[in-house]
Amino acid sequence: MQHDVIIACDFKSAEDTFRFLDLFKDEERKPFLKIGMELFYAEGPAIVREIKRRGHRIFLDLKLHDIPNTVKKAMAVLSRLDVDMCNVHAAGTIEMMRAAREGLTREDGTRPLLIAVTQLTSTSEERMREELLIDASINDTIVKYAQNTRAAGLDGVVCSPLEAGMVHGACGEEFLTVTPGVRFADGDVADQVRVTTPARAREIGSDLIVVGRPITAAEDPVAAYRRCVAEFVG
Ligand SMILES: O=c1ccn([C@@H]2O[C@H](COP(=O)(O)O)[C@@H](O)[C@H]2O)c(=O)[nH]1
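Residues numbered from 1 in each chain as written. Predicted model: local features only at pLDDT ≥ 70, side-chain atom pairs only at ≥ 80, totals over all residues. Heavy atoms only, no water.

**A short note on the sheet that holds strand S3 (residues 58-64)**
Then, number 1: Strand order in the closed barrel formed by eight strands is S1-S2-S3-S4-S5-S6-S7-S8, with parallel pairing between adjacent strands. Neighbour to neighbour, the strand axes of the sheet diverge by 25° on average, direction disregarded.
Then, number 2: Relative to strand S8 (residues 208-211), strand S7 (residues 176-179) runs parallel, the two being bridged by two bridges. Each residue of the ladder has a partner; that of threonine 179, found in S8, is isoleucine 209. (Pairing = 2+ DSSP bridges. Helix = DSSP H or I, 4+ residues; strand = E, 2+ residues; numbered from the N terminus. Axes fitted to C-alpha atoms, helices over the stretch in contact; angles between N-to-C directions.)

Put into structure tokens, the structure is as follows:
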């Protein structure tokens, strides 16, 4: 997978999204976009179809986590949207991830990329131990969840860029690392915990970085996007 920057379009409406996307209309590089829960719950499948029609690649970040049968059937519905990538929570177990892959696979055998969230980048090791009662280090947890994801036949994981090298070491170079938790050196971390810069993400081994507020809330979003691309893609 070619290194790229995915912009997290965390907007409340189609109107706000298209106002933002219009800023990029003269960009040579059509940004790869992430549609998450906020926008999808507000606008439904129509927003996915419209953004696809405009020629963007789409990561549909709905993080499914339910019993295997429910996830399989939901994935079968999502497969009709023809997105490029979608995801589940690895905590849903290997059986659930296998069901997700089966549901997503179309009759002709094709499917979008399917990845699994390991531990959210807003979670610290301390909270994981104290609130989630996971009595292992965050690194061991992420490696184990990544190995489970690989065993289920998925294509990669969502993790912090700080963990990308470790995940590749455990699961192979071809196994995708898609990494939110990206901040400029001079930027506000907000609710993220396990963060680093686009340049450092590239050095550590991330394949795709996911960047939201550092671009969407910037005074000049196009300049912020170009800065990410320059640091991460080169
Ligand atoms: O572990 C995870 C999984 C998903 N996300 C999503 O990525 C973006 C990050 O946005 P920022 O504004 O750059 O913090 C957001 O849509 C999250 O839902 C994540 O941050 N961490």
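Moving on from the model shown.
**Things to note about the packing of aromatic side chains**
Then, number 1: Inspection of the entire model under this criterion finds three aromatic pairs.
Then, number 2: Here phenylalanine 11 and phenylalanine 20 contribute two aromatic rings whose centre-to-centre distance is 5.0 Å and whose plane-to-plane angle is 45°, an arrangement assigned as tilted. Like phenylalanine 11, the residue phenylalanine 20 is buried in the burial classification.
Then, number 3: Measuring from ring centre to ring centre gives 5.6 Å for phenylalanine 24 and tyrosine 225, while their planes differ by 80°; the resulting arrangement is edge-to-face. (Phe/Tyr/Trp six-rings, centres within 6.5 Å; stacked < 30°, edge-to-face > 60°. Buried < 20%, exposed > 50% of the residue type's maximum accessible area, 1.4 Å probe, protein only.)

**Let's talk about the nonpolar core**
Note on soluble globular proteins: their nonpolar side chains tend to be buried together.
Then, number 1: Residues Val5, Val48, Leu60, Met75, Val88 and Ile215 are the most contacted members of the largest nonpolar core, which totals 59 residues.
Then, number 2: Per-element accounting of this core gives the leading share, six residues, to helix H11 (residues 221-232).
Then, number 3: Excluding its chain neighbours within four sequence positions, the residues that come into contact with valine 5 are Phe32, Ile209, Val211, Ile215, Tyr225, Cys228, Val229, Phe232 and Val233.
Then, number 4: With eleven residues, the next largest nonpolar core counts Ala8, Phe32, Ile115 and Val117 among its residues. (Core = buried A, V, L, I, M, F, W, Y, C linked by side-chain atoms within 4.5 Å. Contact = heavy atoms within 4.5 Å.)

**Brief notes about the site of the ligand**
Then, number 1: Near the ligand there are 16 residues, and of these Asp10, Lys34, Thr121, Gln192 and Arg213 occur at the shortest range.
Then, number 2: Between the ligand and the protein, one listed contact pairs an oxygen atom with a side-chain N or O atom of lysine 34 at 2.8 Å.
Then, number 3: Taken by itself the ligand offers 460 Å² of open surface, and the protein chains cover 88% of this.
Then, number 4: Split into classes, the residues belonging to the shell around the ligand amount to seven nonpolar, three polar and six charged. (Near = heavy atom within 4 Å. Polar contact = N/O pair within 3.5 Å; in protein donor to acceptor, adjacent residues only side chain to side chain. Areas by Shrake-Rupley, 256 points an atom, 1.4 Å probe, with all protein chains shown as cover. Nonpolar A, V, L, I, M, F, W, Y, C, P; charged D, E, K, R; others polar.)

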